[in-house]
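Tertiary structure, described
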Amino acid sequence: MKKVAFYGKGGIGKSTTAANVSAALAEKGHLVCQIGCDPKNDSTRLLLGKACAQTVLDMVRQNGDEVTTEQVVHTGFAGVKCVEAGGPEPGVGCAGRGIIVALEKLKLLQAITDEHFVLYDVLGDVVCGGFAVPIREGYATDIYIVSSGELMSLYAANNIAKGVARFSGRGRARLGGIIGNSRNIANERELLCEFAEKLNTRLVAFIPHDRSVQQAEIRRKTVIELAPHSRQADVYRRLADYIVENTALTVPTPMSLAELEELSLTYGD
Amino acid sequence: MVISKRPVVTIKGGCSCSMPGVWRAVAHNEGAVVIYHSPKACGHVTREMNLGGYYRSVARREFVPRQYMAPLVVSGLKEEHSIFGGAEQLRQCIGYVVTRYKPAYIVIANSCVAGVIGDDVQAVAYEAGQEWKIPVMSVPCSGFLDGEYYAGFYHTGRALADRFMFPRPAMENTVTLLGDRGGPGGPDVQEMKGLLQYFGLKAHCHFPGYASLEEIQRVPASALCVPLGGRAEAFSWMRRLASDLEEMFGVPFLDHDCPVGWQGTKTWLKNMGKLLGRKSQVLLAEKEQEQRLRQQVVKSRAKIRAARVVLCIGRPLLHFQPDWVFELLAYTGVSLDGIILLRGLTGQQRDAMRRELQNNTEAPVFDQREGAAVLETADLVVTTHELAEDTKRQLFLPVLSPVGVGGLVLVMQKLARLAERPARRGGIIYGW
């Protein structure tokens, strides 16, 4: 079983990327599970064709210890198993604690045992210990950071790299690479390549900005499902293949803010 | 011989929970109910504290059976509330409290959990107040997170002042005592009242605890506030409360902590006389109090003077200033055989205490292991922690320094009583 986690700045396209990678892997016959670690419950929307109605935490709240695997594991496109951790309404409670509880519950249920790939799609930055759990507690071993060339996105990516470096001593989680999700800014690919290099990793994919992604999203589908023969679908397939084969996992070397700003200035000015 | 200290006391410098402070502040205020917005288990600290206080009162025969005891209700936060928030749980808890106890007002203390998950307790309290038409106040501390016992105590006092107090014309020669010190029936407050009498002052309120709503509303009419701290950390919070009341209602306060030891009492009297412009009363008070002390010294000295005494200290300087103990022992003619710093002190605390001791005494200072021999030969042990050796005659020093000459006399009497016990019998006498 390969356990992969996608991190990145909020709104950068982690869920879209994860869902398309899951779909591409499933298309090739792999058994795949995608776990959304975000209280918004929107990670698996494109695979399920709807927002997940029963999250792990909803069920824990409702049924306590009586939660069953069937209640929390849903089947989406091409048989991908879809799980949403769930969490509190915006502005109340602690979503990080929710992630811890949800992942522990899944482990207890032994809900994911036969899958070839488990993809964790984790909310935004590593804002607290709860969101570091997939890295820290060995749920995921291959960490991919989704980033555009925008400074704030790189800043978040660098912070996530700090998190991976911090926990590298106690677990097997390593950085698999940077997934560039283009925002069509100047010299974006080159910038991301150098950024990845400075983090002691590499740019493993550069996903161009394409209308098909938006079209698929408003139809609640992955690009793989909606436009299987499109170039964009192939980009996701290549990324999925790369993730399957990738063994070049590294301990990242995060940059200082000054270095990061300097890098952005070099390419973006 | 190796001293084995009973592991019943944990020493944490400046680290305590604010919730018991909140509860204690209104525990005996008629009509108050306290809610801990916390897991159920948080209630046990207060229960233990209250039980201990009860037994101490009984031992001192101070127990007041009709004293109001504020119900303490715990909202019972669980795992699910730490994720989804506990505001709804708190609303339900307030509803239950209103229906069950029909309180005059409710004070909500926040736990670490509530603080970490960021429940908007202030908003819940406000809404509940509107809904149930009673004052519901939230104290802005969160357990151990950002507070300590005295912070909870202070903020509760401040919340009561904000809610219930309004400016009133000053009543001449009236005093509000700020703090706890065992309440109006306790020996410390009685001693304080005795000292106030020299100046023609009368304590008409005790705040924030032991006060009905009527008494709370009377505080702004006080001519003076007198803080009852007892140790540095407590005094700093009580001073802050006094300062707030001065700012809000123009009630001046005596900027001095409780009178501790004879020298401390003299300084307190002088400061009070200076504040009130009544120096002649200071002289009278000093004369009478010194006489009172001398009478006891004569009685105790003969019994204690020849004894070999060892002082054991396990409390950090923050909680235990030893100068009054040296003063007491000096009056009884005792020269210490040694001072033993108990194992519970951290290295930093031990160093700080050693420096303090150097300024106060020439007695040799030992670490626990080194001090075993001197303890072996001691007749009497004056200690901040109960030692396991029940063959030793021990005087357990009070947690709060005793107030005034009366406090000093009480401890002296107990030490003399201990000295009269047969040496083989050992045993312990509690100094409070």
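Bear in mind the structure is a predicted one, so any value in this text is a computation, not a measurement.

Structural notes on the overall build of chain B
Scanning chain B from terminus to terminus reveals 16 helices and 13 strands. In terms of overall dimensions, chain B is globule-like: its C-alpha atoms have a radius of gyration of 23 Å, near the 22 Å expected for 432 residues. Dimensions of chain B, computed from the C-alpha atoms along their principal axes, are close to 70 × 55 × 40 Å. By the burial criterion, 48% of the 432 residues in chain B qualify as buried. Of all intrachain contacts in chain B linking residues separated by at least 6 positions in sequence, the fraction that spans at least 24 positions is 79%.

Points about the overall build of chain A
Looking only at helices and strands, one finds 12 helices and 8 strands in chain A. In terms of its C-alpha atoms, chain A occupies a principal-axis envelope of roughly 55 × 40 × 35 Å. Per-residue burial over chain A gives 51% buried out of 269 residues. The contacts of chain A with a sequence gap of at least 6 include a subset with a gap of at least 24, amounting to 76%.

Some words on the domain arrangement of chain B
Residue and element names in this part refer to chain B. When its domains are assigned, chain B resolves into domain 1 (18-164), domain 2 (174-258) and domain 3 (296-430). A C-alpha centroid distance of 23 Å is found between domain 1 and domain 2. Within the residue set of the side of domain 1 that touches domain 2, elements represented by two or more residues are α1 (18-26) and α7 (149-164). In terms of residue count, the dominant contributor to the side of domain 1 that touches domain 2 is α7 (10 residues). A breakdown of the residues in the side of domain 1 that touches domain 2 according to their chemical character gives 12 nonpolar, 5 polar and 4 charged.

As for the sheet that holds strand β8 (residues 309-313) of chain B
Residue and element names in this part refer to chain B. The strand order β10-β9-β8-β11-β12-β13 describes an open sheet built from 6 strands, whose pairing is parallel. Each having just a single partner strand, β10 (365-367) and β13 (427-430) make up the two edges of the open sheet. When strand polarity is set aside, the average angle formed by the axes of neighbouring strands in this sheet is 25°. Relative to strand β11 (residues 380-383), β8 runs parallel, the two sharing 4 bridges. Note that in β11 the partner of Val-309 across the bridge is Leu-380. Along the sheet, helix α16 (residues 404-420) contacts β11, β12 (393-396) and β13; its crossing angle with β12, the most-contacted strand, is approximately 170°.

Looking at helix α4 (residues 87-101) of chain B
Residue pairs spaced three or four apart in an α-helix point in one direction, given the helix's 3.6 residues per turn. Residue and element names in this part refer to chain B. Taking 1.5 Å per residue, 15 residues should reach 21 Å; α4 reaches 21 Å between its end C-alpha atoms and fits that length. Every buried residue of α4 is accounted for by Ala-87, Gln-89, Leu-90, Cys-93, Ile-94 and Val-97. Down the axis of α4, the buried set is contained in an arc of 150°. They therefore lie on one face. For α4, the exposed residues lying more than 90 degrees away from the buried face are Gln-92 and Thr-99. The elements touched by buried residues of α4 are β1 (32-37), β2 (72-74), α3 (79-84), β3 (105-110), α6 (121-132) and β4 (136-142).

Concerning the interface of chain A and chain B
The partner chain B presents 9 residues to the 10 residues of chain A that form the contact. Those elements that provide at least two residues to the side of chain A that touches chain B are α3 (56-63) and α5 (95-109) of chain A. No other element matches the 3 residues that α5 of chain A contributes to the side of chain A that touches chain B. Here the side of chain A that touches chain B is built from residues that sort into 5 nonpolar, 3 polar and 2 charged.

Some remarks on helix α1 (residues 14-27) of chain A
Residue and element names in this part refer to chain A. An ideal rise of 1.5 Å per residue puts 20 Å on 14 residues; α1 measures up with 20 Å between its terminal C-alpha atoms. Taking burial as the measure, the 14 residues of α1 include 14 buried ones, the bulk of the element. Residue Gly-29 follows α1 closely and has a positive phi angle near 95°.

What to know about the nonpolar core
Ranked by size, the top nonpolar core spans 204 residues in total, and within it Tyr-120, Ile-143 and Ile-145 of chain A together with Val-34, Ile-35, Val-107 and Ile-108 of chain B carry the most contacts. By residue number, the principal contributor to this core is α16 of chain B, which donates 9 residues. For Ile-108 of chain B, the contacting residues outside a window of four places in its chain are Ile-35, His-37, Val-121, Ala-125, Val-136, Met-137, Ser-138 and Val-139 of chain B.

Focus on the sheet that holds strand β5 (residues 117-122) of chain A
Residues and elements named next belong to chain A. Spatial ordering of the open sheet is given by β3-β4-β2-β5-β1-β6-β7-β8, a layout of 8 strands whose pairing is mixed. Unpaired on one side and paired on the other, β3 (74-75) and β8 (203-207) mark the two borders of the sheet. In this sheet, β5 lies alongside strand β1 (residues 2-8) in parallel orientation, the contact comprising 5 bridges. Directly across from Val-4, in β5, lies its bridge partner Leu-119. Relative to strand β6 (residues 142-147), helix α7 (residues 151-167) is tilted by about 165°, and along the sheet it contacts β1, β6 and β7 (174-181). Strands β6, β7 and β8 of the sheet are contacted by helix α8 (residues 188-198), whose axis makes an angle of about 170° with β7.

Quick notes on the pairing of β13 of chain B
Where β12 of chain B and β13 of chain B come together, 4 bridges link them in parallel fashion. Bridged to Phe-396 of chain B within β13 of chain B is Tyr-430 of chain B.

Here's the deal with the confidence of the model for chain B
Note: predicted coordinates in regions of low pLDDT should not be interpreted at a detailed level. Residues and elements named next belong to chain B. Chain-level pLDDT for chain B is 90 on average; 96% of the residues reach the 70-or-more range. Low pLDDT (under 50) marks residues 1-13, which in the prediction has 28 contacts with non-local residues, meaning those over four places away or in another chain. Interface predicted TM-score (ipTM) for the complex: 0.76; the corresponding pTM is 0.82.

Observations concerning the pairing of strand β6 (residues 202-207) of chain B
Remember that side chains alternate between the two faces of the sheet whenever the strand is regular. As defined by bridge partners, strand β5 (residues 174-179) of chain B adjoins β6 of chain B across 5 bridges and the pair is classed as parallel. Bridging across to β6 of chain B, Leu-177 of chain B finds its partner in His-206 of chain B.

Here's the deal with unusual backbone geometry
Each neighbour pair has its own omega, and for Phe-207 of chain B with Pro-208 of chain B the value is 0°, a cis peptide bond. Summarising the element assignment, Pro-208 of chain B is placed in the loop between β6 and α9 (213-218). Located in the positive-phi region is Asn-200 of chain A, a residue other than glycine, with phi close to 70°. Relative to the elements of secondary structure, Asn-200 of chain A occurs in the loop between α8 and β8.

About the cut-offs
Sequence order as written defines residue numbering, which begins from 1 separately in each chain. Chains carry letters and ligands carry numbers; both start at the beginning, A for chains and 1 for ligands, and go up in the order they are written. Selection of residues for local features in this predicted model requires a pLDDT of at least 70, selection of side-chain atom pairs for listing and counting requires 80 or more, and totals for whole chains, interfaces and linings are taken over all residues. Counting from the N terminus, the helices are the DSSP runs of H or I reaching at least four residues and the strands are the DSSP runs of E reaching at least two. It is over C-alpha atoms that the radius of gyration is taken, and the globule rule equals 2.2 Å times the number of residues to the power 0.38. Here the C-beta atoms are placed from the backbone, and a residue counts as buried if at least 20 other C-beta atoms lie within 10 Å of its own, exposed if 12 or fewer do, and partly exposed otherwise. C-beta atoms are first placed from the backbone for all residues, and any pair lying within 7 Å is then listed as a contact. Start and end points for every domain follow an automatic or database-based domain assignment. For this classification, Asp, Glu, Lys and Arg are treated as charged, while Ala, Val, Leu, Ile, Met, Phe, Trp, Tyr, Cys and Pro are nonpolar and the rest, including Gly, are polar. In short, DSSP must find at least two bridges between two strands for them to pair. Note on definitions: angles span 0 to 180 degrees between N-to-C directions of axes, and those axes are lines fitted to C-alpha atoms, for helices only across the stretch in contact. Helix span, as expected, comes to 1.5 Å for every residue beyond the first. The directions from the helix axis to the C-beta atoms form the arc being described. For our purposes the nonpolar core covers buried Ala, Val, Leu, Ile, Met, Phe, Trp, Tyr and Cys residues that link as a set through C-beta atoms within 7 Å. Scored between 0 and 100, pLDDT is the confidence that the predictor attaches to each residue.

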